[in-house]
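Each chain, letter by letter, is given below.
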Amino acid sequence: MDPQFSVRFAERMNQLPPYLFGLINKMKMEKRWRGDDVIDLGMGNPLDPAPTPVTEKLCEVAIDPKSHRYPVAGGMKNLKREIALYYKRNYDVNLNGENDVICTIGSKEGISHLSLALLGPGDTVLVPAPAFPIHVYAAVIAGANVLRIPLSSEDTFLAQIDEMARSLYPGPKLLMLNFPHNPTGKLVTKEFFAEVVKLAKKYNFMVINDFAYAKVTYDGCVAPSFLEVPGGIDVGVEFSSFSKSYNMAGWRLGYCVGNQNIIEGLAKIKGYYDYGIFSAIQVAGIVAMRDCDDSITEQVEVYQKRRDVLCDGLVRMGWEVDVPKSGMFVWVKIPAPYDRMGSVRFSVEIMDRANVAVSPGAGFGEEGDGYIRLALVENEHRTTQALKQIRRALKDIDQEVEAGTFDLDQREV
């Protein structure tokens, strides 16, 4: 590289902290290159396969030369219609499947691009905290200000939204929701969404709900859609994807539904950025929505068994565990005295000593420090093995602390 030449990044890059999950992933890959067997509970990256009919349809369509052309940018008409039928069948929401539905390259891409359409310098976004990074940094990249609202009871959370909307000038432009919530697994009620709609109309802010874990719920719980609440479609949109429900994470197929004007803004931005999703994937998505409800039920049963194994094992280790009712993660407080390390160093130590990858809570904001997130992606045997390895690693730390060779109060890595 020429030392006389300098790369000058945009100012917005200074607003983006180091991606903490990248640190753990780098350690994981380095260990695997050395031949270590790393049990990965860090990323919500399904190891289970997509439903067989979905994969078969992908292969069938992929060999047709017509599918190799540029696809329809906003999504195939038949897929958009299937998404509308899915919302009618599951939530009794009436969508026309045309200008109130748009397909995205996963929900993360859609949220990022919609933020560019809705937000700019001087705008303010309200986000629950802790938060999945894109819910914060999509707004930051767009130049907006972000105010984080600590997750609490529904009543307290709503009161905080009301207080912020009353006291801010100009008022918030957007409320970014994510229920079922990542990383905590928190569910909300229809009544909560109804109160959000009232506040949105009162203070004139828009609402986005990231509904990625819509169908991943346990113990008989059902996650409501924001759009099934009267007035929801007037003030907002909802994103979801095929990643979790159908184990199609790497396929990058998602969608946004709801307010037609907001959808129009997303379509306009996407028209400049991409040409849509490979046609064979979209056709496979139709098969998933039309024929694979049973696969979702079976997968949720698998996740629930893994959840129970993981939570029971942590409780036996003496950890405090709030058993999640939704999502594919367990969000758990790091027990004393190890919490003094902070979540990043704790996660690095667990990776280094136990060959188990976990996500540091600090990656979801400062409110998450002191917690780790564990994904339900490994089978029950591997999950049990991960618990054993974590237990041994913590015992080693205890011995080193007693010998004076390990400092629990050092947080740097």
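Shown above is the structure to which this text applies.
Residues numbered from 1 in each chain as written. Predicted model: local features only at pLDDT ≥ 70, side-chain atom pairs only at ≥ 80, totals over all residues. Heavy atoms only, no water.

**Q** Mind laying out helix H9 (residues 260-273), listing which residues take part and the relevant values?
**A** Its 14 residues place the ends of H9 20 Å apart at the C-alpha level, agreeing with the 20 Å of an ideal helix rising 1.5 Å per residue. Taken together, the buried positions of H9 are occupied by Ile262, Ile263, Leu266 and Lys270. The buried residues of H9 occupy an angular sector of 95 degrees when projected down its axis, which confines them to one face. In H9, the exposed positions angled more than 90 degrees off the buried face are occupied by Asn261, Glu264, Lys268, Gly271 and Tyr272. Here the buried face of H9 lies against strand E2 (101-104), helix H4 (106-118), strand E6 (206-210), helix H8 (232-235), strand E7 (236-241) and strand E8 (254-258). If you check the start of H9, you find a side-chain oxygen 2.9 Å away from the backbone N of asparagine 261, and it comes from asparagine 259. (Helix = DSSP H or I, 4+ residues; strand = E, 2+ residues; numbered from the N terminus. Expected span 1.5 Å × (residues − 1). Buried < 20%, exposed > 50% of the residue type's maximum accessible area, 1.4 Å probe, protein only. Arc of directions from axis to C-beta. Contact = heavy atoms within 4.5 Å. Polar contact = N/O pair within 3.5 Å; in protein donor to acceptor, adjacent residues only side chain to side chain.)

**Q** Explain the packing of aromatic side chains residue by residue, including any values.
**A** The final tally for this structure, using the stated rule, is 16 aromatic pairs. Relative to tyrosine 91, the ring of tyrosine 86 lies with its centre 6.4 Å away and its plane at 75 degrees, an arrangement referred to as edge-to-face. For tyrosine 91, a relative accessible area of 7% translates into the label buried. Seen from their ring centres, tyrosine 338 and phenylalanine 346 are 6.5 Å apart, and the 45 degrees between their planes marks the pair as tilted. Each member of the pair, tyrosine 338 as well as phenylalanine 346, carries the same accessibility label: buried. Taken together, Phe157, Phe179, Phe192, Phe193 and Phe226 form an aromatic cluster joined through their ring pairs. Positioned above the aromatic ring of tyrosine 371 is the side chain of lysine 333, whose terminal nitrogen or guanidinium carbon lies 5.4 Å from the ring centre. The ring of phenylalanine 329 carries the charged tip of arginine 373 above its face, separated from the ring centre by 3.7 Å. (Phe/Tyr/Trp six-rings, centres within 6.5 Å; stacked < 30°, edge-to-face > 60°. Lys NZ or Arg CZ within 6 Å of the ring centre and 35° of its normal.)

**Q** Can you break down the side chain of serine 225 residue by residue, with the values?
**A** With respect to the helices and strands, serine 225 occurs in the loop between E6 and H8. At a separation of 2.6 Å, a polar atom in the side chain of serine 225 contacts the side chain of glutamate 238. Among all residues touching serine 225, those that are not within four sequence positions of it are Tyr87, Tyr91, Phe193, Phe211 and Glu238.

**Q** Now, about a nonpolar patch on the surface: what can you tell me, with residues and values included?
**A** The grouping of Phe5, Val7, Phe9 and Met13 at the surface amounts to a nonpolar patch, some 490 Å² of accessible area in total. Mapped onto the elements, phenylalanine 5 comes out in the segment before helix H1 (20-33). The exposure class assigned to phenylalanine 5 is exposed, which follows from its relative accessible area of 62%. (Patch = residues over 30% accessible without salt bridge, like charges linked within 9 Å, V, L, I, M, F, W, Y side chains within 5 Å. Areas by Shrake-Rupley, 256 points an atom, 1.4 Å probe, with all protein chains shown as cover. Salt bridge = Lys/Arg side-chain N within 4 Å of Asp/Glu carboxyl O.)

**Q** Explain the sheet that holds E7 residue by residue, including any values.
**A** What the 7 strands build is an open sheet, ordered E2-E8-E7-E6-E5-E3-E4; its pairing is mixed. Of all the strands in the sheet, the pair left with one neighbour each is E2 and strand E4 (145-150). When the angles between neighbouring strand axes are averaged without regard to direction, this sheet yields 20 degrees. The pairing of strand E3 (residues 124-129) with strand E5 (residues 174-177) spans 2 bridges and is parallel. Of the residues in E5, the one forming a bridge with valine 125 is leucine 174. Across the sheet, helix H5 (residues 133-141) lies against E3, E4, E5 and E6, angled at about 160 degrees from E4, the strand it touches most. In this fold helix H7 (residues 190-203) packs onto E5 and E6, with an angle of close to 165 degrees to the strand it touches most, E5. (Pairing = 2+ DSSP bridges. Axes fitted to C-alpha atoms, helices over the stretch in contact; angles between N-to-C directions.)

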